[in-house]
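# Residue-level structure breakdown
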Amino acid sequence: MFEVRKLEIERDGKTLKYDFKLKTGHVLAIQGLSGVGKSTLLSAVAGFVNSISGQILWEGQTLNGLSIDKRPVSYLFQQNNLFEHLSVMTNMTLGFGERPVNSDLLDQITDAAHELQVSDQLQKMPGALSGGQRQRIAIIRTMLRPEPLVLLDEPFAELDPQTRLLATGWVRKVAKKYKKTVLMVTHQSEDVEQVADSVLMLKQS
Ligand SMILES: Nc1ncnc2c1ncn2[C@@H]1O[C@H](COP(=O)(O)OP(=O)(O)OP(=O)(O)O)[C@@H](O)[C@H]1O
């Protein structure tokens, strides 16, 4: 179980409040108006933003006070997900610990890249990719990393409708296969239907 219990965060002179539970292995879509605090919630779960009160709990253990690198979290930011000085393939394999990476992981990356139609991009530098290609690379890396809790901030924003359908289907499939617990910010109701088990609608308090 993932639980956010009476969490309060001060931002921009406002107090943002969160309180919800999500079953392990479920995908939650987070929606709400611009500025309501969707990205702030993901940042707090990852440990980039501190709360003034409340708890974030994963499998009964509090994450409050744990440093960013100790949290069981894989995070796709809204922007800047790739290191520009490293090839796409090296970017893909960051965060998996062992070097050289094992052949199972390479197979998973190759299969995912094929499915999301970015196989031809793996040997390039990130600067040579389109926004939508970068986004698919970042989605693959975030989903395949070993951490059980996945945070996706508008992961499909730069994709055309057809590619979006491909990517949403893939995210759902991988989330279920590897029992990932996913918090996904999205403005699109199609994404919610394709990927999510439930919806959290944030409102200004
Ligand atoms: N780095 C920051 N420092 C201070 N305040 C911030 C920061 N980032 C966001 N805020 C403020 O926190 C509040 C919530 O912002 P947040 O980015 O979480 O909203 P959001 O729901 O994700 O919006 P959007 O849909 O536009 O991405 C807003 O009032 C915003 O101005």
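Above this text you will find the structure in question.
Presented here is an overview of the structure given in this document. The structure displayed is predicted, hence computed values, not measured ones. (Residues numbered from 1 in each chain as written. Predicted model: local features only at pLDDT ≥ 70, side-chain atom pairs only at ≥ 80, totals over all residues.)

## Considering the nonpolar core
Nonpolar side chains tend toward joint burial in soluble globular proteins. Selection criterion: Think of a nonpolar core as buried Ala, Val, Leu, Ile, Met, Phe, Trp, Tyr and Cys residues chained together by C-beta atoms that fall within 7 Å. Three exposure classes are used. Buried residues have 20 or more other C-beta atoms within 10 Å of their own C-beta, exposed residues have 12 or fewer, and partly exposed residues fall in between, all C-beta atoms being placed from the backbone. Helical segments are the DSSP runs of H or I of at least four residues, strand segments are the runs of E of at least two, and each set is numbered from the N terminus. Residues are defined as contacting one another if the C-beta atoms placed from their backbone atoms lie within 7 Å.
Judged by nonpolar contacts, the single largest core of 49 residues is most densely connected at Leu28, Val45, Ile140, Leu151, Val182, Leu183 and Met184. Take this core: its biggest share by element is 6 residues, from helix α4 (residues 131-144). Sequence-distant contacts of Met184, defined by excluding residues within four places in its chain, comprise Val27, Leu28, Ala29, Ile30, Leu152, Pro155, Val195 and Ala196.

## Quick word on the site of the ligand
For clarity, the cut-off: For each residue, a C-beta atom is placed from the backbone, and the residue counts as near a molecule or strand when that atom lies within 6 Å of it. In this count, Pro and Cys sit with the nonpolar residues alongside Ala, Val, Leu, Ile, Met, Phe, Trp and Tyr, while Asp, Glu, Lys and Arg are called charged and the others, Gly among them, polar.
Close to the ligand lie Arg11, Asp12, Lys14, Gly32, Ser34, Gly35, Val36, Gly37, Lys38, Ser39 and Thr40. Residue contributions to the shell around the ligand peak at 3 residues, all from helix α1 (residues 38-46). In the shell around the ligand, the residues fall into 1 nonpolar, 6 polar and 4 charged.

## Notes on the packing of α4 against helix α5 (residues 161-177)
Stated formally: Between N-to-C directions, angles span 0 to 180 degrees; the directions come from axes that are lines fitted to C-alpha atoms, helices contributing only their stretch in contact. Orientation is classified from the angle alone, with under 35 degrees giving roughly parallel, over 145 giving roughly antiparallel, 65 to 115 giving roughly perpendicular, and any other angle giving oblique.
In the contact formed by α4 and α5, the axes pass within 11 Å of each other and the chain directions differ by 5°. Regarding the angle of α4 to α5, the classification is roughly parallel. Between α4 and α5, the residues in contact are Gly132, Arg136, Ile139 and Met143 and Thr163, Ala167, Val171 and Val174, respectively. When its residues are assigned to classes, the contact of α4 with α5 shows 5 nonpolar, 2 polar and 1 charged.

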